[in-house]
Amino acid sequence: QVQLVESGGGLVQAGGSLRLSCAASGTIFSIKNMGWYCQAPGKQRELVARILSDGSTNYANSVKGRFTISRDNAKNTVYLQMNSLKPEDTAVYYCAAAVRSTILPGFRDYWGQGTQVTVSS
């Protein structure tokens, strides 16, 4: 089994910062891509940022220049540094990872349980 556990969400004023963390654990052989998605009420889940195994990144246009994704491969952890937060960033943030486990063939997508980020105006 592979588990992803997020932390770091909360309530912050507009212009503030938060740092989300997501640690993967369990029967992990290797991790390919890791990313963060968000889902606001009444909207579909959408990509915020993604980091590939080679360290390359891509971001949603709405967060470019404000958010930074990074990963610590030794800890199987991905981070999202969120600066200059806006009320429209309010959503549940989910981490995802493409993981090859030690007991199943191939890479599979795993998701965390989500962490709430609320930005007040």
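Residues numbered from 1 in each chain as written. Predicted model: local features only at pLDDT ≥ 70, side-chain atom pairs only at ≥ 80, totals over all residues. Heavy atoms only, no water.

Considerations on the state of the cysteines
In step 1: In the structure shown here, the tally under the stated rule is one disulfide.
In step 2: The residue that forms a disulfide with C22 is C95, at a sulfur-sulfur distance of 1.9 Å. Taken together, the positions of C22 in strand 3 (residues 18–26) and C95 in strand 9 (residues 91–101) put the pair 73 residues apart, joining distant regions of the chain. We note that C22, like C95, is buried.
In step 3: The structure places no disulfide on C38, whose sulfur is separated from the nearest cysteine sulfur, that of C95, by 13 Å.
In step 4: A relative accessible area of 12% places C38 in the buried class. (Disulfide = S-S within 2.5 Å. Helix = DSSP H or I, 4+ residues; strand = E, 2+ residues; numbered from the N terminus. Buried < 20%, exposed > 50% of the residue type's maximum accessible area, 1.4 Å probe, protein only.)

Section: the pattern of salt bridges
In step 1: Per the counting criterion, the structure on display carries one salt bridge.
In step 2: Here R66 and D89 are joined by a salt bridge, their closest N and O atoms 2.8 Å apart. Taken as a pair, R66 in the loop between strand 6 (57–59) and strand 7 (67–72) and D89 in the loop between strand 8 (77–82) and strand 9 lie far apart in primary sequence, 23 residues in all. Across this residue pair, the class does not change: R66 and D89 are buried. (Salt bridge = Lys/Arg side-chain N within 4 Å of Asp/Glu carboxyl O.)

Section: the layout of surface pockets
In step 1: Empty space within the largest pocket amounts to approximately 300 Å³.
In step 2: The wall of the largest pocket is formed by 19 residues, among which C38, E46, S62, E88 and D89 lie closest to the centre.
In step 3: Listed by contribution, the elements that provide at least two residues to the lining of the largest pocket are strand 4 (28–39), strand 5 (46–51) and strand 9.
In step 4: Per-element tally for the lining of the largest pocket: the top contributor is strand 5, with three residues. (1 Å grid on protein atoms, 1.4 Å probe; cavity = no way out; pocket = protein on both sides within 12 Å on 5 of 7 lines; lining within 4 Å. Points joined across faces, edges and corners; volume = space filled by probe spheres on them.)

A closer look at the nonpolar core
In step 1: Ranked by internal contacts, the top residues of the largest apolar core, which has 32 residues, are W36, V48, L80, M82 and Y93.
In step 2: At the level of secondary structure, the elements contributing two or more residues to this core comprise strand 1 (2–7), strand 3, strand 4, strand 5, strand 7, strand 8, strand 9 and strand 11 (115–120). (Core = buried A, V, L, I, M, F, W, Y, C linked by side-chain atoms within 4.5 Å.)

Points about the packing of aromatic side chains
In step 1: Counted by the stated rule, this structure contains one aromatic pair.
In step 2: The ring centre of Y94 lies 3.7 Å from the NZ or CZ of R45, which sits over that ring.
In step 3: The ring of W111 carries R45 above its face, with NZ or CZ at 4.8 Å from the centroid. (Phe/Tyr/Trp six-rings, centres within 6.5 Å; stacked < 30°, edge-to-face > 60°. Lys NZ or Arg CZ within 6 Å of the ring centre and 35° of its normal.)

Some points on unusual backbone geometry
In step 1: Phi is positive for N76, which is not a glycine, with a value near 50°.
In step 2: The partly exposed category is assigned to N76, whose relative accessible area is 23%.
In step 3: One non-glycine residue, S84, adopts positive backbone phi at about 50°.
In step 4: With respect to the helices, strands and loops of the structure, S84 is situated in the loop between strand 8 and strand 9.

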